[in-house]
Amino acid sequence: MILALDGSSVDGSAYTDVVNLARHAPAWLDDTVSAWSTYGLALFAVLMAVGWWRARRVDATASVTALAVPFAVVVAYGMDAVLKLLVREERPCQSLRVTTLEACPAPGDWSFPSNHAAIAAAAAVALLFVSRRLGAVAAAAAGAMAVSRIWVGAHYPHDVLAGVVVGALAALLVMSVLRRRAEAAALRLTATRLRPLLVVS
């Protein structure tokens, strides 16, 4: 079933307000937000690596949980991609024909839900299972990522909100299931050549 959502009827005016605000903002602010919107996902990869590195110094079960975080993110991305194909919402820069900080994607690059928001939210929720401190940092970064995608004109507000929900729910489901099996998986894996990934020798 293809929904072909017209996002402009949902919160097009709010989107336009944000884009117009961005156009009149100081150049340094726009440049900073644009850079974060484009490259900010790398921070989540760094946080995942830090979480795994620290978990190795705790025990194998903690390491298995940390290694599950990227898997949760991939699942969230997959769910987001499926929804994009089902909903097929045009990018707001195409529907509303506004000037945006980020170049308008080509037709067929659907807007709903936001991939960036889904990935960021999934990483944040999954990291909470590893470390509350890392999860809190990731959650703040995920919020900034969601806002930045509207600021640069890539998404409607409802796109990023949906992305956050999809990412958070996917990560919560995956990490809840895997956490119950982490101890058993750790026992099996520490008896293999993968042991260095799980514990500090």
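Counting restarts for each chain: residues are numbered from 1 in the order of the written sequence. Given that the model is predicted, a residue must reach a pLDDT of at least 70 before its local features are reported, and side-chain atom pairs must reach 80 or more before they are shown or counted; all residues, however, enter totals for whole chains, interfaces and linings. Heavy atoms from the whole structure form the basis of all side-chain values; hydrogens and water molecules are not counted.

Asks: In this structure, what is going on with the packing of aromatic side chains? I would like to understand it.
Replies: Each aromatic ring pair is described using two quantities: the centre-to-centre distance and the angle formed by the ring planes. Pairing of aromatic side chains here covers Phe, Tyr and the six-membered ring of Trp, requires ring centres within 6.5 Å, and sorts the geometry by plane angle: under 30 degrees stacked, over 60 edge-to-face, intermediate tilted. A complete count under the given rule lists three aromatic pairs for this structure. Seen in terms of ring centroids, Trp36 and Phe44 are 6.5 Å apart; in terms of plane orientation they differ by 45 degrees. Their pairing is tilted. A 1.4 Å probe rolled over the protein chains alone gives each residue an accessible area, and that area as a share of the maximum for its type sets the label: buried under 20%, exposed over 50%, partly exposed in between. On the basis of relative accessibility, which here comes to 1%, the residue Phe44 falls in the buried class. Taken together, a centroid distance of 5.8 Å and an interplanar angle of 65 degrees make the contact between Trp52 and Trp53 edge-to-face. On the accessibility criterion, Trp53 (43% relative accessible area) is partly exposed. Charge-over-ring placement is defined geometrically: NZ (Lys) or CZ (Arg) within 6 Å of the ring centre, and within 35 degrees of the ring normal. Over the face of the ring belonging to Trp53 we find Arg56, whose NZ or CZ atom lies 4.9 Å from the ring centre.

Asks: So what exactly am I meant to see when it comes to a nonpolar patch on the surface here?
Replies: Patch membership requires over 30% relative accessible area and the absence of a salt bridge. Like charges are linked within 9 Å, and nonpolar side chains (Val, Leu, Ile, Met, Phe, Trp, Tyr) within 5 Å. We get accessible surface area from the Shrake-Rupley algorithm with a probe of 1.4 Å; when it comes to residues, only the shown protein chains can shield them. Only one rule defines a salt bridge in this text: a Lys or Arg side-chain nitrogen within 4 Å of an Asp or Glu carboxyl oxygen. A cluster of nonpolar residues, Leu161, Val165, Leu169 and Leu172, forms a patch on the protein surface that exposes about 370 Å² of accessible area. What counts as a helix is a DSSP run of H or I of at least four residues, what counts as a strand is a run of E of at least two, and both are numbered from the N terminus. As for its position among the elements, Val165 is in helix H8 (residues 157-189).

Asks: Explanation requested: the state of the cysteines in the structure shown.
Replies: Two cysteines, two sulfur atoms, one covalent bond between them: this is a disulfide. Disulfide assignment relies on a single distance test, namely cysteine sulfur atoms paired within 2.5 Å. Applying the stated criterion to the full structure yields one disulfide. Linked covalently through their sulfurs, Cys93 and Cys104 form a disulfide whose S-S length is 2.1 Å. Because the sign of the S-S torsion sets the handedness, a value of about 85 degrees for the bond joining Cys93 and Cys104 places this disulfide among the right-handed ones. Within this pair, whereas Cys93 is found in helix H5 (residues 92-95), its partner Cys104 is found in the loop between H5 and helix H6 (115-128), the two being separated by eleven residues in sequence.

Asks: Help me understand helix H2 (residues 27-39), please; the structure alone is not making it clear to me.
Replies: An α-helical turn contains 3.6 residues, so any two residues separated by three or four positions project in the same direction. With 13 residues, H2 extends 18 Å from end C-alpha to end C-alpha; this agrees with the ideal 18 Å at 1.5 Å per step. Along H2, the residues that are buried comprise Asp30, Val33 and Ser37. Viewed end-on, H2 has its buried residues packed into an arc of 70 degrees, placing them on one side of the element. Pointing more than 90 degrees away from the buried face of H2 are the exposed residues Ala27, Trp28, Asp31 and Tyr39. Each residue after the first adds 1.5 Å to the expected span of a helix. Of all possible arcs, the one meant is that of the directions from the helix axis to the C-beta atoms.

Asks: It is not clear to me how the pattern of salt bridges should be interpreted in this structure. Could you clarify?
Replies: Side chains that differ in sign of charge can pair as their charged atoms come close. In total, this model carries two salt bridges according to the counting rule given. Residue Asp109 is joined to Arg91 by a salt bridge in which the shortest nitrogen-to-oxygen separation is 2.9 Å. Here the residue Asp109 occupies a position in the loop between H5 and H6, and Arg91 occupies one in the loop between helix H4 (60-87) and H5, the gap between them amounting to 18 residues. On the accessibility criterion, Asp109 (34% relative accessible area) is partly exposed. Its relative accessible area of 6% is what places Arg91 among the buried residues. Across the pair Glu102 and Arg149 runs a salt bridge whose closest N-O atoms are separated by 3.0 Å. Of this pair, Glu102 sits in the loop between H5 and H6 while Arg149 sits in helix H7 (residues 132-151), placing them 47 residues apart in sequence.

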